[in-house]
Amino acid sequence: MRVAIGNDHAAVELKKELCVLFQEKGIEYKDFGCAEGEKCQYPDKAKEVCEAVVSKEFDLGILCCGTGVGMSIAANKIKGIRAACCSDYFTAKYTRAHNDANILCMGARVIGAGLARELTEVFLETAFEGGRHKTRVDLITELEK
Ligand code: RB5
């Protein structure tokens, strides 16, 4: 499992917490995000992380901004990306299982680091169920044409 993570200036601390999680769990990751003291535009960071996922250099991506919403709007403009902005466990799990989401977005001004870690863990460990859900995801892909 290779994870690409990105953030803007509103989510530097949250990104750092999630990098600690990856280190603890031995998860391979690359930090594309904004560093301490920098100012970054979230669409730029969304683009970098999403392109790294679409190219299959990374399996899944995590994007954090103030609300998580700006990142998810930007990410979903990119072909092949299914980004979900989550702040609860159930959604983070089932957006992988049913939507085959490949990007998890979270808001650093919305949820705490503890919940963000839980959402990240369940997102990374849940597999897409396929079957009837694949039919629906294929229909989403059709919308990109
Ligand atoms: C940055 O101040 C803020 O607008 C951004 O992090 C995010 O919340 C946008 O959706």
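Residues numbered from 1 in each chain as written. Predicted model: local features only at pLDDT ≥ 70, side-chain atom pairs only at ≥ 80, totals over all residues. Heavy atoms only, no water.

> Sorry if this is basic, but what is going on with the state of the cysteines here?
What we call a disulfide is simply a covalent bond connecting the sulfur atoms of a pair of cysteines. For the coordinates displayed, the defined rule picks out one disulfide. Disulfide partner of C34: C40, at an S-S distance of 2.4 Å. For the disulfide bridge between C34 and C40, the dihedral angle about the S-S bond is near 90°, and by the sign convention the bridge is right-handed. Look at C34 and you get buried, because its relative accessible area is 0%. Accessibility expressed as a relative area gives 9% for C40, which makes it buried. Not part of a disulfide, C19 finds its nearest cysteine sulfur in C64, a span of 9.1 Å. (Disulfide = S-S within 2.5 Å. Buried < 20%, exposed > 50% of the residue type's maximum accessible area, 1.4 Å probe, protein only.)

> What is the right way to read the side chain of R82 from this model?
With respect to the helices and strands, R82 occurs in the loop between α3 (69-75) and β4 (83-85). By relative accessible area, which is 18% here, R82 ends up buried. The residues contacting R82, other than those within four sequence positions of it, are N76, N99, D100, A101, N102, I103 and V137. (Helix = DSSP H or I, 4+ residues; strand = E, 2+ residues; numbered from the N terminus. Contact = heavy atoms within 4.5 Å.)

> What should I look at first to understand the sheet that holds strand β3 (residues 60-65) in this one?
Hydrogen bonding along the main chain pairs the strands of a sheet, whether they run parallel or antiparallel. The strand order across the open sheet formed by five strands is β2-β1-β3-β5-β4, and the pairing between neighbours is parallel. Two strands lie at the open edges of the sheet, namely β2 (28-31) and β4, each paired on one side alone. Each neighbouring strand pair of the sheet contributes to a mean axis angle of 20°, computed without reference to strand direction. Helix α1 (residues 12-25) contacts β1 (2-7), β2, β3 and β5 (103-107) of the sheet and is inclined by roughly 165° relative to β1. Sitting on the sheet, helix α5 (residues 113-125) touches β1, β3 and β5, and the angle it makes with β5 is about 170°. (Pairing = 2+ DSSP bridges. Axes fitted to C-alpha atoms, helices over the stretch in contact; angles between N-to-C directions.)

> Where do I start with helix α2 (residues 42-54) in this structure?
In an α-helix, one full turn covers 3.6 residues, which means residues spaced three or four apart are oriented alike. Look at α2: 18 Å from first C-alpha to last across 13 residues, which is about the 18 Å you get at 1.5 Å a residue. Three or more residues of α2 are buried, namely K45, A46, V49, C50, A52 and V53. Projected onto a plane normal to the axis of α2, the buried residues spread over an arc of 155° and lie on a single side. Here the buried face of α2 lies against β1, β3, α3 and β5. Immediately downstream of α2, the backbone of K56 shows phi near 70°, a positive value. (Expected span 1.5 Å × (residues − 1). Arc of directions from axis to C-beta.)

> It is not clear to me how the site of the ligand should be interpreted in this structure. Could you clarify?
All residues adjacent to the ligand are D8, H9, A10, Y42, C65, G66, T67, G70 and R109. Within the side chain of D8, one N or O atom sits 2.6 Å away from an oxygen atom of the ligand. Between the ligand and G70, the relevant distance is 2.9 Å, taken from an oxygen atom to a main-chain nitrogen or oxygen of the residue. Taking 290 Å² as the accessible area of the ligand by itself, protein coverage stands at 73%. Here the residues of the shell around the ligand sort into three nonpolar, four polar and two charged. (Near = heavy atom within 4 Å. Polar contact = N/O pair within 3.5 Å; in protein donor to acceptor, adjacent residues only side chain to side chain. Areas by Shrake-Rupley, 256 points an atom, 1.4 Å probe, with all protein chains shown as cover. Nonpolar A, V, L, I, M, F, W, Y, C, P; charged D, E, K, R; others polar.)

That is the geometry; function is a separate question.
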